[in-house]
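Structural overview
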Amino acid sequence: MAALLLVAGLAVPAEAATVYKASLRSAARALPVAVERNTGYDRDRYFGSWKDTNRDCQNTRAEVLIQESKVRTKYTTSKGCTVRTGKWVTSWDNRTHYSASAVQIDHLVPVHEAWGSGARTWSQTRRVAFYNDLGDGRALSAQTSALNSAKQAKGPEAWMPPKNRCKYVADWVAVKIRWGLKVDSTEKKALIKYADSCAATTITVTKI
């Protein structure tokens, strides 16, 4: 029987759960290229929603908010399920937020992008695990709501954050590698261009 790897409490096959390490420039060039195919995409049907996989009443959104807050979080009720306040410094603009309602949890590689880059062939379990990936802090992050809305499902070839662009590119490449997702030719060209303009850096990621 195949081994399993737990990602946010979801069991997924672990045959490819190996550690990848390379320079950002090499990693960007090594990404496999394929035409992005988005036919049949349905976010709710194929990826679901935030899960409470450890059954502590805090779903994935709450878990990310708790992990990233610079101070102890406070909740909307005494049960501690929904985060109300904390302190979040959003990496796309270096802004500080104190209300959880001021930030959205971003899928660094958007779900629509993931579908078109390979997730359409995955099992439902793997897609749900991608949606709720708490195993790598680069996959999900709290970001300023307006910027997350501006990004939508765009890749780096079409949208980049105003701040910390090299980190954004490195994280994008890492998440694509982690989940074995492909890139289209325009996306890869943009990633290589940005990677070459950034200081030399190494990325390390556990593949799923």
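Everything that follows concerns the structure shown earlier in this document.
Residues numbered from 1 in each chain as written. Predicted model: local features only at pLDDT ≥ 70, side-chain atom pairs only at ≥ 80, totals over all residues. Heavy atoms only, no water.

Now for the side chain of Glu-63. Along the polypeptide, Glu-63 turns up in helix H3 (residues 60-68). Excluding its chain neighbours within four sequence positions, the residues that come into contact with Glu-63 are Asn-54, Asp-56, Gln-58 and Leu-134. (Helix = DSSP H or I, 4+ residues; strand = E, 2+ residues; numbered from the N terminus. Contact = heavy atoms within 4.5 Å.)

Right, let's get into the state of the cysteines. Applying the stated criterion across every chain yields a total of two disulfides. Note that Cys-57 is cross-linked by a disulfide to Cys-81, the S-S spacing being 2.2 Å. Here Cys-57 and Cys-81 share a disulfide; its torsion about the S-S bond, -110°, makes the bridge left-handed. Note that Cys-57 is positioned in the loop between helix H2 (43-47) and H3 and Cys-81 in the loop between strand E4 (74-75) and strand E5 (83-90), a separation of 24 residues in sequence. Here Cys-57 falls in the partly exposed class, since its relative accessible area comes to 31%. (Disulfide = S-S within 2.5 Å. Buried < 20%, exposed > 50% of the residue type's maximum accessible area, 1.4 Å probe, protein only.)

Ranked by size, the top nonpolar core spans 50 residues in total, and within it Phe-47, Leu-65, Phe-130, Val-173, Ile-177, Trp-179 and Leu-191 carry the most contacts. Sort the elements by how many residues they give to this core and helix H7 (residues 165-179) lands first, with nine residues. Setting aside its immediate chain neighbours within four residues, Phe-47 contacts Tyr-41, Asp-42, Val-111, Trp-115, Ala-119, Gln-124, Arg-127, Val-128, Phe-130 and Tyr-131. (Core = buried A, V, L, I, M, F, W, Y, C linked by side-chain atoms within 4.5 Å.)

Next up on the list: the packing of H7 against helix H8 (residues 185-197). H8 packs onto H7 with a crossing angle of 135° between their chain directions and a minimal axis gap of 10 Å. Considered as vectors, H7 and H8 are oriented oblique to each other. Between H7 and H8 lies a crossing of left-handed hand. On H8, the residues touching Val-169, Trp-172, Val-173 and Lys-176 of H7 are Glu-187, Leu-191, Tyr-194 and Ala-195. Residues belonging to the contact of H7 with H8 are distributed by class as follows: six nonpolar, no polar and two charged. (Axes fitted to C-alpha atoms, helices over the stretch in contact; angles between N-to-C directions. Parallel < 35°, antiparallel > 145°, perpendicular 65-115°, else oblique. Left-handed = near helix turned anticlockwise from the far one by under 90°. Nonpolar A, V, L, I, M, F, W, Y, C, P; charged D, E, K, R; others polar.)

We now examine the pattern of salt bridges. Using the criterion set out here, one finds seven salt bridges in the structure. Its salt-bridge partner being Asp-196, residue Arg-29 comes within 2.7 Å of it at the nearest N-O pair. Pair noted here: Arg-29 is in helix H1 (residues 24-30) and Asp-196 is in helix H8, with a separation of 167 residues, a long-range link. With a relative accessible area of 40%, Arg-29 lands in the partly exposed category. Residue Asp-196 is classed as partly exposed on the basis of its relative accessible area, which comes to 36%. Close ionic contact of Asp-133 with Arg-178 constitutes a salt bridge, the shortest N to O distance being 2.8 Å. Of this pair, Asp-133 sits in the loop between helix H5 (124-131) and strand E8 (140-144) while Arg-178 sits in helix H7, placing them 45 residues apart in sequence. (Salt bridge = Lys/Arg side-chain N within 4 Å of Asp/Glu carboxyl O.)

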